[in-house]
Amino acid sequence: PAQGVIFPSDFIPLFEKNGRIRSLDLYMFEQVCKTLRDWADRGRQILPISVNLSREHFRSDDALRPLQAIASRYAIATGWIELELTESIVFDGGEIQYVKSVITQMHKMGFLCSLDDFGFGYSSLGLLSELDVDTVKLDRIFFNGDARSEAVVESMVNLCRNLHIRTVAEGIESPDQLEFLRRIRCDMVQGYVYAKPMPEPEFSQWVKERE
């Protein structure tokens, strides 16, 4: 209340440094489960929700077990939650076999899996053949209106389609960007072109008005 909104770029590094980021991950995951359970109990349309997981969450071999326990407690069905991994999880430790095993566990537990911010860091197209992810989220750096960037995006969307991986364009703000993505058959977009982030009650009303 005193400082107003504190941005993730400010508080996430602090939680990573003091070791509390996993507690924050679990707190947010449980809030998502509560929301989905509430929607289901009220007969609302279930919209799958993506949950970011910090790279610190994967320092232990049983990282997914607490998530599975929470999801089970709220009777969350298969496909309701997508867990987002960032490239840094792969590249920080270089342990791609471990990441592959984690993704396999996610699918066994009924979670979907996405690779977030693809293209921002040291992305390799080889990751797409190595990791059995359901969705690739294309970083906003590609959507600057540059012809070369658009050519890269179209190639990646086509590649993902051939690999049966869904694509999401991040940070979309203009109708021109949206029209380009429709034309190349990108599966989904997220960004201000539709709406800014909002509290869950406002989002539920926003969805209800568009059902």
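Report follows, based on the coordinates. These numbers were taken from a predicted model, which means no experiment stands behind them.

**Thoughts on the pattern of salt bridges**
Inference 1: Summed over the entire model, instances satisfying the criterion amount to eight salt bridges.
Inference 2: Notably, a salt bridge pairs Arg-37 with Asp-41, separated by 3.1 Å at the nearest N-O pair. With Arg-37 and Asp-41 both in helix H2 (residues 21-41) and four residues apart, the pair spans about one turn of that helix.
Inference 3: Residue classification places Arg-37 among the partly exposed positions, given a relative accessible area of 22%.
Inference 4: Between Lys-100 and Glu-130 there is a salt bridge, with its nearest N and O atoms 3.2 Å apart. Taken together, the residues Lys-100 in helix H5 (residues 96-108) and Glu-130 in helix H6 (residues 126-130) connect sequence positions 30 residues apart.
Inference 5: Taken together, the shared-partner salt bridges connect Glu-84, Lys-137 and Glu-170 into one network.

**Notes on the pairing of strand E2 (residues 81-86)**
Inference 1: For E2, the buried fraction is high: five of the six residues fall into the buried class.
Inference 2: Two elements, strand E1 (residues 49-52) and E2, share four bridges in a ladder whose sense is parallel. Looking across to E2, one finds that Val-51 is bridged to Leu-83.
Inference 3: A crossover links E1 with its parallel partner E2, the connecting element being helix H3 (residues 65-73), and its sense is right-handed.
Inference 4: As paired strands, E2 and strand E3 (residues 112-118) are joined by five bridges and run parallel to one another. Looking across to E3, one finds that Thr-86 is bridged to Asp-116.

**Details of the environment of Leu-83**
Inference 1: Here Leu-83 is to be found in strand E2.
Inference 2: For Leu-83 and Gly-171, which are 88 residues apart along the polypeptide, the C-alpha to C-alpha distance reads 19 Å.
Inference 3: The residues touching Leu-83, leaving out its near neighbours within four places in the chain, are Phe-29, Val-51, Leu-53, Leu-64, Leu-67, Met-106, Phe-111, Leu-112, Cys-113 and Ser-114.

**As for the side chain of Asp-25**
Inference 1: Following the sequence through the fold, Asp-25 ends up in helix H2.
Inference 2: Not counting residues within four places of it along the chain, the set of residues in contact with Asp-25 comprises Asn-52, Leu-53, Ser-54 and His-57.

**Quick notes on the sheet that holds strand E4 (residues 135-138)**
Strand pairing in a sheet is mediated by backbone hydrogen bonds. Such pairs are either parallel or antiparallel.
Inference 1: Taken together, six strands build an open sheet; the order of strands is E1-E2-E3-E4-E5-E6 and the sheet is parallel. The sheet terminates laterally at E1 and strand E6 (188-189), the two strands that pair on one side only.
Inference 2: Lying on the sheet, H2 is in contact with E1 and E2; it crosses E1 at an angle near 170 degrees.
Inference 3: Packing against the sheet, helix H7 (residues 147-162) makes contact with E3, E4 and strand E5 (166-169), and its axis sits at approximately 175 degrees to E4.

Cut-off values and rules
Residues numbered from 1 in each chain as written. Predicted model: local features only at pLDDT ≥ 70, side-chain atom pairs only at ≥ 80, totals over all residues. Heavy atoms only, no water. Salt bridge = Lys/Arg side-chain N within 4 Å of Asp/Glu carboxyl O. Helix = DSSP H or I, 4+ residues; strand = E, 2+ residues; numbered from the N terminus. Buried < 20%, exposed > 50% of the residue type's maximum accessible area, 1.4 Å probe, protein only. Pairing = 2+ DSSP bridges. Right-handed = clockwise from strand over helix to strand, strands pointing away. Contact = heavy atoms within 4.5 Å. Axes fitted to C-alpha atoms, helices over the stretch in contact; angles between N-to-C directions.

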